[in-house]
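Here is how the chains run, residue by residue.
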Amino acid sequence: MTEHTRTAAPAGPTSASDLVREIYLAGPDSRKGQLTTDLTALEDAARAVLPPAVSGFVAGGAGTGATGRANRDAFDRWRLLPRALRGFTRRDLTVDLLGQTLPAPVLLAPISAQTAVHPEGEIATVRGAADAGLPFVLSSYSSHSLEEVAAAAGPGPRWFQLYWPSDDELAASLVRRAEASGYTALVLTVDNPSVGYRPADLDHGYLPLIRGTGLANYTSDPVFRAALPPDAGPESVVRHWARVNGNPSLTWDRLNQLREWTSLPLLVKGVLHPDDARLAVANGADGVIVSNHGGRQLDGAAASLDCLPAVRAAVGGTVPVLMDSGVRTGTDVAKALALGADAVLLGRPYLYGLALDGRPGVRHVLRCLLAELDVALTQIGCGSARSLGPELLAPAGPLGGPQPTARQDRS
């Protein structure tokens, strides 16, 4: 049965776009003092409340910022091509990913040292994510331990991101702790052989990790603690972390070692080149995340969205492919899905929401994003997030020209 003759599965008694109706019914007075619904305006609002060094750390990128600009330009080069009179009265945002059904094709990307922007840090973020039913990917460099974050999440879905340290015993300990704490997937970030050249951080001389912010998973780890002298102070902790942090000697065949440590699904994050996507899958990864680290690592790198169709083609239609970097709006999500992503990871916007209003700020950002995605599906004439495909996109400019390759619809 073709899509235009079928009805999407009901999304339940409410839909994400009900937020729009709620706001209009509440009237103008209800908006006083509330966060903007324009998610692209949150950066400026957060800059007004954060110290300059922290704002630079959050929003800054590598070098001239060309990669970050390219991420946004890539979304602007594609236009949605709506279809009329499709007959859908409800939209289904759910997606199936790694054996789980998610309420929407969105996860919260791993971001380090979140207490730098709000006292509750990752605790507030994971609770905001749980409010929306969306998975939170916890950074290795979190300000609260993975066990504390798991407790705050309750039954909410959560993944753990691993920065593989040079001490394999420590790496294995982090992975096993994550599995024991109910994290349901492991995300190995591979685009960080060194810290990026970030002028905003360098000019302020600011890196929260060097100050001990974001090291909770290390200071709570028995392997890490065993390597410290009994009287180790904060400076000793940071020095030892700096010694074991990072592992530029890693090669693709080392993925097999992760399989010895855990049975969790494994995704490799930081893939841009299609050959690397093939290598990740060939060496045991269950999926890949197309990412350039939000433009924070390499100035002048290719935009994630530009790389997405080639990565999808390289691994085929059945391997999970996610993407991040540059996602700001619900229509961005729709474009990424149409270009082959199974889901996207949202980064800076939710962190701005955290900075501005803690857990409610995170929840607000996610509700706005999903509301706009739901509205976009309505306007496009598409009944479900899973059925978004390249036929609903066109390059900017006159209509016509080649179209990208679709992922396989697994609905």
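Refer to the preceding data block for the structure.
The text that follows walks through the structure, step by step, so that each part is easy to find. Worth saying up front: this structure is predicted, and the values here are computed from it rather than measured.

## So, the side chain of Lys 335
Piece 1. Note on placement: Lys 335 falls in helix α15 (residues 330–338).
Piece 2. For Lys 335, which is buried and forms no salt bridge, the nearest opposite charge comes from Asp 332, at a distance of 5.1 Å.
Piece 3. Here the side chain of Lys 335 touches Phe 75 through a polar contact of 3.0 Å, landing on its backbone oxygen.
Piece 4. For Lys 335, the contacting residues outside a window of four places in its chain are Phe 75, Trp 78, Leu 80 and Leu 393.

## Details of the packing of helix α13 (residues 274–282) against helix α14 (residues 304–315)
Piece 1. At a minimum axis distance of 8 Å, the contact between α13 and α14 shows a crossing angle of 40°. Between α13 and α14, the angle falls in the class oblique. Crossing hand, α13 versus α14: right-handed. Within the contact between the two elements, α13 uses Pro 274, Ala 277, Arg 278 and Val 281 and α14 uses Ala 310, Val 311, Ala 314 and Val 315.
Piece 2. Partitioned by chemical class, the residues of the contact of α13 with α14 number seven nonpolar, no polar and one charged.

## As for the nonpolar core
Piece 1. Counting residues in hydrophobic clusters, the biggest one holds 120 residues, and the most contacted among them are Trp 159, Phe 160, Leu 162, Leu 258, Leu 305, Leu 322 and Met 323.
Piece 2. The biggest single contributor to this core is helix α16 (residues 348–380), with 16 residues.
Piece 3. Leave out the neighbours within four places in its chain, and Leu 322 touches Leu 97, Leu 107, Trp 159, Leu 267, Val 288, Ile 289, Val 290, Ala 343 and Leu 345.

## Concerning the pattern of salt bridges
Piece 1. Considering all chains together, one arrives at 19 salt bridges under this definition.
Piece 2. The partner of Asp 44 in a salt bridge is Arg 47, and the shortest N-O contact between them spans 2.6 Å. Separated by three residues within a single helix, Asp 44 and Arg 47 lie in helix α2 (residues 42–47), roughly one turn from each other.
Piece 3. A relative accessible area of 51% means that Asp 44 is categorised as exposed.
Piece 4. Between Arg 91 and Asp 374 there is a salt bridge; the shortest N-O distance is 2.9 Å.

## Section: the packing of aromatic side chains
Piece 1. What the rule picks out here adds up to seven aromatic pairs.
Piece 2. With a centroid separation of 6.0 Å and 85° between ring planes, the pair formed by Phe 57 and Tyr 206 is classed as edge-to-face. Placement of Phe 57 in helix α3 (residues 52–59) and of Tyr 206 in the loop between α8 (199–204) and α9 (216–219) is noted, with a sequence separation of 149 residues between them. With respect to class, Phe 57 is no different from Tyr 206; both count as buried.
Piece 3. Ring centres of Phe 160 and Tyr 183 lie 6.1 Å apart, and the angle between their planes is 70°; this geometry places the pair in the edge-to-face category.

Reading the values: rules and limits
- Residues numbered from 1 in each chain as written.
- Predicted model: local features only at pLDDT ≥ 70, side-chain atom pairs only at ≥ 80, totals over all residues.
- Heavy atoms only, no water.
- Helix = DSSP H or I, 4+ residues; strand = E, 2+ residues; numbered from the N terminus.
- Buried < 20%, exposed > 50% of the residue type's maximum accessible area, 1.4 Å probe, protein only.
- Lys, Arg positive; Asp, Glu negative; His and termini not counted.
- Salt bridge = Lys/Arg side-chain N within 4 Å of Asp/Glu carboxyl O.
- Polar contact = N/O pair within 3.5 Å; in protein donor to acceptor, adjacent residues only side chain to side chain.
- Contact = heavy atoms within 4.5 Å.
- Axes fitted to C-alpha atoms, helices over the stretch in contact; angles between N-to-C directions.
- Parallel < 35°, antiparallel > 145°, perpendicular 65-115°, else oblique.
- Left-handed = near helix turned anticlockwise from the far one by under 90°.
- Nonpolar A, V, L, I, M, F, W, Y, C, P; charged D, E, K, R; others polar.
- Core = buried A, V, L, I, M, F, W, Y, C linked by side-chain atoms within 4.5 Å.
- Phe/Tyr/Trp six-rings, centres within 6.5 Å; stacked < 30°, edge-to-face > 60°.

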